[in-house]
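Fold and geometry: a report
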Amino acid sequence: QVQLVESGGGLVQPGGSLSLSCVASGTIFNITDMGWYRQAPGKQREPVASIRNTGYTYLADSVKGRFTISRDNAKNTVYLDMNKLEPQDTAVYYCNAVLLISNRLHNYWGQGTPVTVSS
C-alpha cells in the first residue's frame, strides 16, 4: 500500500509563486511515475505534470513555462514549483503515484491540497 500526503497549498495573488510537495510512504519500492492533477470547481480533473523515475517529465500546455516538476527519489517526494500563477490555476491539486507491481500498473492518490489564486 502507498500513502500520499500533499502540502503547500494556500491563497496567493496573481503573479505570485507557490510550491507543493507530496511525500510517498508505505510500499514505495516500485513507484515509476509521480505527478500532479488538478480539479477546478465545475470542471473535470486534468493532468498538470508528471515525472518518471527515468527523469522524463510532462507538463500540460497550460502550465508550460510557469510550472516545474521535480522528484527526490531518496526522499520519496515530488515537488511542483508554480510561478506566475493565474486565477485559472485555482483548483484542488492532487498528488498521483503509479506503481509497477507484478507487471501491472497501480494508481494511488493523495487527498488533495487547495490552491486559490485571487486578488
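Residues numbered from 1 in each chain as written. Predicted model: local features only at pLDDT ≥ 70, side-chain atom pairs only at ≥ 80, totals over all residues. Heavy atoms only, no water.

1. With respect to the overall build of the chain
Filter applied, for reference: Only DSSP runs of H or I covering at least 4 residues are called helices, and only runs of E covering at least 2 are called strands; the numbering of each starts at the N terminus. In this scheme, a residue with accessible area under 20% of its type's maximum is buried, one over 50% is exposed, and one in between is partly exposed, where area comes from a 1.4 Å probe on protein chains only. Residue contacts follow a heavy-atom distance rule, with two residues in contact if any of their heavy atoms lie within 4.5 Å. Computed with a 1.4 Å probe, the accessible areas rest on the Shrake-Rupley method; for each residue, only the protein chains presented here act as cover. When charges are counted, Lys and Arg contribute as positive and Asp and Glu as negative, whereas His and the chain ends are disregarded. A charge is said to be at NZ when it belongs to Lys, at CZ for Arg, at CG for Asp and at CD for Glu.
Within the chain, the secondary structure is distributed over zero helices and eleven strands. Counting from the amino terminus, the chain carries its helices and strands in the arrangement β-β-β-β-β-β-β-β-β-β-β. Per-residue burial over the chain gives 38% buried out of 119 residues. The long-range share in the chain, meaning contacts at least 24 apart out of those at least 6 apart in sequence, stands at 53%. Accessible area for the chain stands at about 6800 Å²; split by element, carbon and sulfur atoms hold 47% of it. Here the chain contributes 10 positive and 8 negative side-chain charges, whose respective centroids are spaced 4 Å apart.

2. Regarding unusual backbone geometry
For Lys 84, which is not glycine, the phi torsion reads 50° and is therefore positive. Judged by its relative accessible area of 56%, Lys 84 falls in the exposed class. At Ser 102, a residue that is not glycine, the phi angle is positive and equals roughly 50°. Looking at the secondary structure, you find Ser 102 in the loop between β9 (91–101) and β10 (104–109).

3. Quick word on the packing of aromatic side chains
The line we're drawing: Any two of the Phe, Tyr and Trp rings considered here, Trp counted by its six-membered ring, make a pair once their centres fall within 6.5 Å; the pair's planes then place it as stacked at under 30 degrees, edge-to-face at over 60, or tilted in between. By definition, being over a ring means that NZ of Lys or CZ of Arg is both within 6 Å of the ring centre and within 35 degrees of the ring normal.
Tallied over the full model, the rule gives one aromatic pair. The interplanar angle of 70° and the centroid separation of 4.9 Å between the aromatic rings of Tyr 37 and Trp 109 together place this pair among those described as edge-to-face. Of this pair, Tyr 37 sits in strand β4 (residues 31–39) while Trp 109 sits in strand β10, placing them 72 residues apart in sequence. Assessed through its relative accessible area of 25%, Tyr 37 is described here as partly exposed. Directly above the ring of Tyr 37 sits Arg 45, whose terminal nitrogen or CZ lies 5.3 Å from the centroid. A cation over an aromatic ring shows up here: Arg 45 above the ring of Trp 109, its NZ or CZ 4.0 Å from the ring centre.

4. Brief notes about the pairing of strand β1 (residues 2–7)
Side chains on a regular strand alternate between the two faces of the sheet. Put simply, the rule reads: In this analysis, strands are considered paired if DSSP registers two or more bridges between them.
With burial as the criterion, only one face of β1 is covered, namely that bearing Val 2, Leu 4 and Glu 6; the residues Gln 3, Val 5 and Ser 7 on the opposite face remain uncovered. Pairing of β1 with strand β3 (residues 18–26) involves six bridges; the strand directions are antiparallel. What sits directly across from Val 2, in β3, is Gly 26.

5. Remarks on the sheet that holds strand β8 (residues 77–82)
Sheet strands line up and pair through hydrogen bonds in the backbone, either parallel or antiparallel. The condition that has to hold: The axes are straight lines fitted to the C-alpha atoms, using for helices just the contacting stretch, and the angles between their N-to-C directions are given from 0 to 180°.
Strand order in the open sheet formed by four strands is β1-β3-β8-β7, and the pairing between neighbours is antiparallel. Strand pairing shows two members of the sheet lacking a second neighbour, β1 and β7 (67–72), which therefore form its edges. Neighbour-to-neighbour, the strand axes of this sheet turn through a mean angle of 15°, independent of strand direction.

6. Some points on the pairing of β10
As judged from the six bridges shared by β9 and β10, these two strands associate in the antiparallel manner. Across the sheet, the residue bridging to Ile 101 is Arg 104, located in β10. In this structure, the hairpin formed by β9 and β10 is closed by a connection of two residues, where Ser 102 is found at a positive phi of approximately 50°.

7. Structural notes on the pattern of salt bridges
Opposite charge on two side chains permits them to pair, given that their charged atoms come into close proximity. Put simply, the test is: Salt bridges, as used here, are contacts in which a Lys or Arg side-chain nitrogen is within 4 Å of a carboxyl oxygen on Asp or Glu.
What the rule picks out here adds up to six salt bridges. Residues Glu 46 and Arg 38 are paired through a salt bridge, measuring 2.8 Å at the closest nitrogen-oxygen approach. Accessibility expressed as a relative area gives 5% for Arg 38, which makes it buried. For Arg 66, the salt bridge identified is with Glu 86, shortest N-O distance 4.0 Å. On the criterion of sequence distance, the pair formed by Arg 66 in the loop between β6 (57–59) and β7 and Glu 86 in the loop between β8 and β9 is long-range, its members being 20 residues apart. Ionic contacts of the salt-bridge type, sharing partners, join the residues Arg 38, Glu 46, Arg 66, Glu 86 and Asp 89 into one network.

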